[in-house]
Every structure is written in structure tokens, then in C-alpha cells.
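Survey of secondary and tertiary structure
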Amino acid sequence: MANNVTSIFLLGFPNLEKFTFPFFSLLVLLYCGTISGNLLIMVLYLVSKTLQSPMYFFITQLSLCDLLLTTDIVPVLLHSVLYGGSTITFIGCFIQFSIFAASECSECFLLSVMSYDRYVAICNPLRYHSIMNHRFCVISVIMIWLMGFIFVLLDIISILSLHFCGPHVIDHFYCDIGPIVQLSCSDTSMIDKQILVLGSLILMTPFILIVTSYVYIVITILKIPSTTGRHKAFSTCSSHLTVVSTFYGTLITVYMFPTTGISLTLSKVLSLMYTVLTPLLNPIIYTLRNNDFKNAYLKLKLMF
């Protein structure tokens, strides 16, 4: 790789003017809430015997994805908001993209496995513990993280074959693959196709699996004779469905429909949804309506 670019300048959100401090303060609050909420979920899982089930195991992995994502993106974002931009080394830009992409890919696959967990719990409850055993859960998580890093490695290898000679400015608040490729002086037609194929595979394959799982779940729930039974069955997967809707709604809009003519500002706002807001919403959604987490939290408070 011939490369004359040693650093990259991220524009972030220029021209905030008098909104700089309020926006910065809001981001700090969201960041602190995200770190605290996801760490709390992981601690509660480790210390509470009542949370030792496949569903909560996968939720802790989701929290790990969110922690990696928000720690990777938000500090640089805060710097760019406060100082009107942020300079990052070329290698640092690759590292940021790698962590971001690996955590997002892993979250896509993780949400599909969580939907399968809900499918087995509702559609095949008698075999739930034999199917969703500890070995299956651990192997699933290992495969999820491996696939996340493999897909990222494929992108990195392709990008490293490009020639970068300037410019060195990205009109975004983090290093994403599209803006990085646009900085290249080489012919990027092949890598553009690769990004589209891999992006479609990573986004749509888990999404199809999730939709299929929920079709069977809905059919099974509708067969339950009592209203109370239907409500109880649906409530066990409503949190997951909310997270999936928020996560995939913004992600598909940004990555699967890049030619719809949306402005850069709107694209950045949508990116804020899945890089800043979703990691905060996940622990809130999974804990506020979950009595097991509430009881575990109360027991933890009594211990201290």
C-alpha cells in the first residue's frame, strides 16, 4: 500500500456555534449512562444466581458489544464537538473502524441468536434447556465474535491494497469504511462491490433469521387460548423486538440505502442513533421491565 496520508481530520459536527456546550454535555451524560448501564448488567449477571440463563448470557454479550462500540466512538466524538473537529492517525482510523465494525457485526449475529432463543422458549419450551444448553451458548458466542472479526479483516485487507494520497478530511464523526475508501486515489469499484455484498450479508442474513423466528413465534402465540397466556408469551420477547427495531431501522437506512439522497447531516444523526443512543437504550429496555434484573440489583445494593 502506497500511502502519503499519515493523519485524518474528522469534521464531526461543524458550525454548532452556541449549541456546542449543550450538545457536548448531552453526549457526556449519554456516555456515562451507557457505560454505567452496560457494566451494571454484566456485574449483575456475574454475581446473581437467578440470572444464569441463556437469555441473560446473551444480554451480557450485547452489553459487551455496546461497551466496545461506545468506548470506540464517543471519546473522539466528544473531542471533535468541543474543538470543532478531531485529528486521528491513519492507523488510529483503521483501529477505530475495526472495533466499530466488529462490534456492529457481532451485534447483528447476536440479535439473531437471541431471536432463536425466544423462538425455542415459546415454540418448543419442553426442549428449551436441552437445546439452549451452556455448550451451545458458548460456541454460538465464540462463532459470533469470530465472524465479526473475519468480516472486518476482509475489509481491512481490501482497504490496505488501496493508494492514499489525499485529501485527508472525513466529513463524519468517526472512521467508517465508506468515507475511508473515498479518500483513496485508486480505483475503488471492486471494493465498493465487496462492501455492498458483505454489508448485505451481515445485515440481511441475521435480519431474515430474526423475521423468520418471529413469524413462528407470532403463529404460536396466536394459538394460545387464554389472553393472559398470549400476553405473557409476547412480553418475554417484546424487549428483544424493541432493540431489533431500533438497531436495524437505523442501520439498514444508513448502509442499505446510501443513494436515497439524504443529507450528510441526516446521515450523521442516524449514525448517532446506533453508535450513541442504541447502546444506552439496550440496558434500559432489558432492565426496566425485567423483574429478575430488578431483584438482582436490589440484592446487590443490600450487599453493599
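Rules of the game
- Residues numbered from 1 in each chain as written.
- Predicted model: local features only at pLDDT ≥ 70, side-chain atom pairs only at ≥ 80, totals over all residues.
- Heavy atoms only, no water.
- Helix = DSSP H or I, 4+ residues; strand = E, 2+ residues; numbered from the N terminus.
- Buried < 20%, exposed > 50% of the residue type's maximum accessible area, 1.4 Å probe, protein only.
- Contact = heavy atoms within 4.5 Å.
- Areas by Shrake-Rupley, 256 points an atom, 1.4 Å probe, with all protein chains shown as cover.
- Lys, Arg positive; Asp, Glu negative; His and termini not counted.
- Charge placed at Lys NZ, Arg CZ, Asp CG, Glu CD.
- Salt bridge = Lys/Arg side-chain N within 4 Å of Asp/Glu carboxyl O.
- UniProt positions renumbered as here; feature names shortened; annotations may be inferred.
- Disulfide = S-S within 2.5 Å.
- Axes fitted to C-alpha atoms, helices over the stretch in contact; angles between N-to-C directions.
- Parallel < 35°, antiparallel > 145°, perpendicular 65-115°, else oblique.

1. Thoughts on the overall build of the protein
Counting secondary structure elements, the protein contains ten helices and three strands. Counting only C-alpha atoms, the protein reaches 65 × 45 × 35 Å along its principal axes. Within the span of the protein, comprising 304 residues, buried residues form 47% of the whole. Taking as baseline every contact in the protein between residues at least 6 positions apart, the subset at least 24 positions apart corresponds to 79%. Carbon and sulfur atoms provide 70% of the accessible area of the protein, an area that totals close to 15300 Å². Counting 14 positive and 12 negative side-chain charges, the protein places the averaged centre of each group 21 Å from the other.

2. Looking at the side chain of Asp 72
Within the secondary structure layout, Asp 72 lies in helix H2 (residues 54–83). With residues near it in sequence (within four places) discarded, Asp 72 still touches Ile 95, Gln 96, Ile 99 and Phe 100.

3. Looking at the pattern of salt bridges
Oppositely charged side chains can pair when the atoms bearing their charge come close. Summed over the entire model, instances satisfying the criterion amount to two salt bridges. The shortest N-O distance in the salt bridge between Arg 118 and Asp 117 comes to 2.7 Å. Each member of the pair, Arg 118 together with Asp 117, is buried.

4. Looking at the UniProt feature "transmembrane region" (unreviewed entry) in the protein
As recorded in UniProt, the feature "transmembrane region" (unreviewed entry) lies at residues 20–47, 54–74, 80–102, 136–164, 195–222, 234–257 and 269–288. For residues 54–74, the end-to-end C-alpha separation is 30 Å, with 100% helix and 0% strand making up the annotated structure. Each end of residues 80–102 is marked by a C-alpha atom, and these two atoms are 23 Å apart; helix forms 74% of the span and strand 17%.

5. Some details on unusual backbone geometry
Backbone geometry places Asn 15, a non-glycine residue, at a positive phi of 60 degrees. With respect to the helices and strands, the residue Asn 15 is situated in the loop between strand S1 (7–10) and helix H1 (20–47). Classification of Asn 15 as exposed rests on a relative accessible area of 70%.

6. A few points about the state of the cysteines
A covalent bond between the sulfur atoms of two cysteines is referred to as a disulfide. Taken as a whole and assessed by the stated rule, the structure comprises two disulfides. Each disulfide pairs two cysteine sulfurs, and for Cys 93 the partner residue is Cys 175, the sulfurs being separated by 1.9 Å. Disulfide Cys 93 to Cys 175: torsion about the S-S bond roughly -120 degrees, handedness left-handed. With Cys 93 in helix H3 (residues 90–123) and Cys 175 in the loop between strand S3 (169–170) and helix H6 (177–182), this pair connects stretches of sequence that are 82 residues apart. On the basis of relative accessibility, which here comes to 1%, the residue Cys 93 falls in the buried class. Two residues, Cys 165 and Cys 185, share a disulfide whose sulfurs are 1.7 Å apart. On the sign convention where negative is left-handed, the bridge of Cys 165 and Cys 185, at about -110 degrees about the S-S bond, is left-handed. Here Cys 165 is found in the loop between helix H5 (134–160) and S3, whereas its partner Cys 185 is found in the loop between H6 and helix H7 (189–222), with 20 residues between them in sequence. Using a relative accessible area of 38% as the deciding quantity, one classes Cys 165 as partly exposed.

7. Thoughts on the packing of H5 against H7
At a minimum axis distance of 11 Å, the contact between H5 and H7 shows a crossing angle of 175 degrees. On the basis of their axis angle, the class for H5 and H7 is roughly antiparallel. Here Phe 151, Leu 154, Asp 155, Ser 158 and Ile 159 of H5 come into contact with H7, specifically with Ile 191, Gln 194, Leu 198, Leu 201 and Ile 202.

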